[in-house]
Amino acid sequence: MKLTTVTQVTIDGVTQGNGGASEEDRRNGFERGGWALGAGDDETRTFITQTYQRAEAFLFGRRTYELFTSWGSSAHPIGVALTEAPKYVASTTLTAPRWENTTVLRGDLAAAISELKAKPGGELQVHGSGILTRWLLENDLVDEMILIVIPVILGQGARLFPKSGPDLALDLVESRVDSKGVTIQVYRPAGRPRYATA
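Calculation rules
- Residues numbered from 1 in each chain as written.
- Predicted model: local features only at pLDDT ≥ 70, side-chain atom pairs only at ≥ 80, totals over all residues.
- Heavy atoms only, no water.
- Helix = DSSP H or I, 4+ residues; strand = E, 2+ residues; numbered from the N terminus.
- Rg over C-alpha atoms; globule rule 2.2 N^0.38 Å.
- Buried < 20%, exposed > 50% of the residue type's maximum accessible area, 1.4 Å probe, protein only.
- Contact = heavy atoms within 4.5 Å.
- Areas by Shrake-Rupley, 256 points an atom, 1.4 Å probe, with all protein chains shown as cover.
- Lys, Arg positive; Asp, Glu negative; His and termini not counted.
- Charge placed at Lys NZ, Arg CZ, Asp CG, Glu CD.
- Expected span 1.5 Å × (residues − 1).
- Polar contact = N/O pair within 3.5 Å; in protein donor to acceptor, adjacent residues only side chain to side chain.
- Pairing = 2+ DSSP bridges.
- Axes fitted to C-alpha atoms, helices over the stretch in contact; angles between N-to-C directions.
- 1 Å grid on protein atoms, 1.4 Å probe; cavity = no way out; pocket = protein on both sides within 12 Å on 5 of 7 lines; lining within 4 Å.
- Points joined across faces, edges and corners; volume = space filled by probe spheres on them.
- Nonpolar A, V, L, I, M, F, W, Y, C, P; charged D, E, K, R; others polar.

## Re the overall build of the chain
- Scanning the chain from terminus to terminus reveals 5 helices and 8 strands.
- Mapped in sequence order, the helices and strands of the chain form the string β-α-β-α-α-β-β-α-β-α-β-β-β.
- Expected size for 198 residues packed as a compact globule is a radius of gyration near 16 Å; at 17 Å, the chain falls within 12% of this value.
- Viewed in the frame of its principal axes, the chain has a C-alpha envelope of about 55 × 35 × 35 Å.
- Within the chain, the fraction of its 198 residues that count as buried is 45%.
- Nonlocal contacts in the chain, meaning residues at least 24 apart in sequence, comprise 69% of its contacts between residues at least 6 apart.
- When the accessible area of the chain is evaluated, it comes to approximately 10,500 Å², of which 50% is carbon and sulfur surface.
- Distance between charge centroids for the chain: 4 Å, based on 21 positive and 23 negative side chains.

## Remarks on helix H1 (residues 42-53)
- With 12 residues, H1 extends 16 Å between its outermost C-alpha atoms, agreeing within 8% with the 16 Å of an ideal straight helix rising 1.5 Å per residue.
- Where H1 is concerned, the buried positions are Thr-44, Phe-47, Ile-48, Thr-49, Thr-51 and Tyr-52.
- Sitting at the head of H1, Asp-41 places a side-chain oxygen 3.1 Å from the backbone nitrogen of Glu-43.

## Some words on the sheet that holds strand S8 (residues 183-189)
- Read across the open sheet, the 8 strands follow the order S4-S3-S2-S5-S1-S6-S8-S7; overall the sheet is mixed. Both outer strands of the open sheet, strand S4 (102-105) and strand S7 (170-177), are each paired with one neighbouring strand and no more. Each neighbouring strand pair of the sheet contributes to a mean axis angle of 20°, computed without reference to strand direction.

## Some points on the side chain of Thr-183
- Inspection of the secondary structure assignment puts Thr-183 in strand S8.
- For Thr-183, the side chain forms a polar contact with the side chain of Gln-185, separated by 3.3 Å.
- Sequence-distant contacts of Thr-183, that is, excluding residues within four places in its chain, are made with Leu-147, Ile-148, Val-149, Arg-176 and Val-177.

## Section: the layout of surface pockets
- The calculated volume of the second largest pocket comes to roughly 490 Å³.
- If you go around the second largest pocket, you meet 24 residues; those closest to its centre are Arg-134, Leu-137, Phe-161, Pro-166 and Leu-168.
- Elements represented by at least two residues in the lining of the second largest pocket include exactly strand S1 (2-10), helix H5 (130-138) and strand S6 (144-150).
- Across the lining of the second largest pocket, the residue classes break down as 12 nonpolar, 5 polar and 7 charged.

## Focus: the environment of Val-173
- Its location among the elements puts Val-173 in strand S7.
- A relative accessible area of 37% means that Val-173 is categorised as partly exposed.
- Once residues within four sequence positions are removed from consideration, Val-173 is found in contact with Glu-144, Val-186, Tyr-187 and Arg-188.

On their own, these measurements won't tell you what the molecule is for.
Okay, structure coming up:
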């Protein structure tokens, strides 16, 4: 399976608290939740829905998994896709997952994810899960990365990429901008960047 990460991010790189409730993720005094609500036009919403629908399986970090369980009772196409597909959660603390078709991955996470990727066909998608996404990139497990960039600057909140970390070159596969200024960029990791030499 191809492993694809899908991340909503602000212009200043924030991923925290993008969803429906302002109190969704208030860690570290974050007060600007719900910033992605209403962003994007119908074409972008269709793209997001179709992305979920093409997934063979989903992989989550613990926090995002807990937030997404609310989709379990939804008749929306995204909720149906999430409920019907197998779900995998990278967690050392989750013992009793509440959502059907959920498997908790413990132990050697890189080996477990490599085993999932070795299954034939389909796409293993990671939505949100910023810490997991960074770890997957650092361990060369990401095949494709979709960034949905919302035209807002928050000035606070957890960012997808911290101030320091490994470097990575990206090849652009697709790019589009909608009528509300939301951009969708699809990248493939391409090894280390090249830097100027003296």
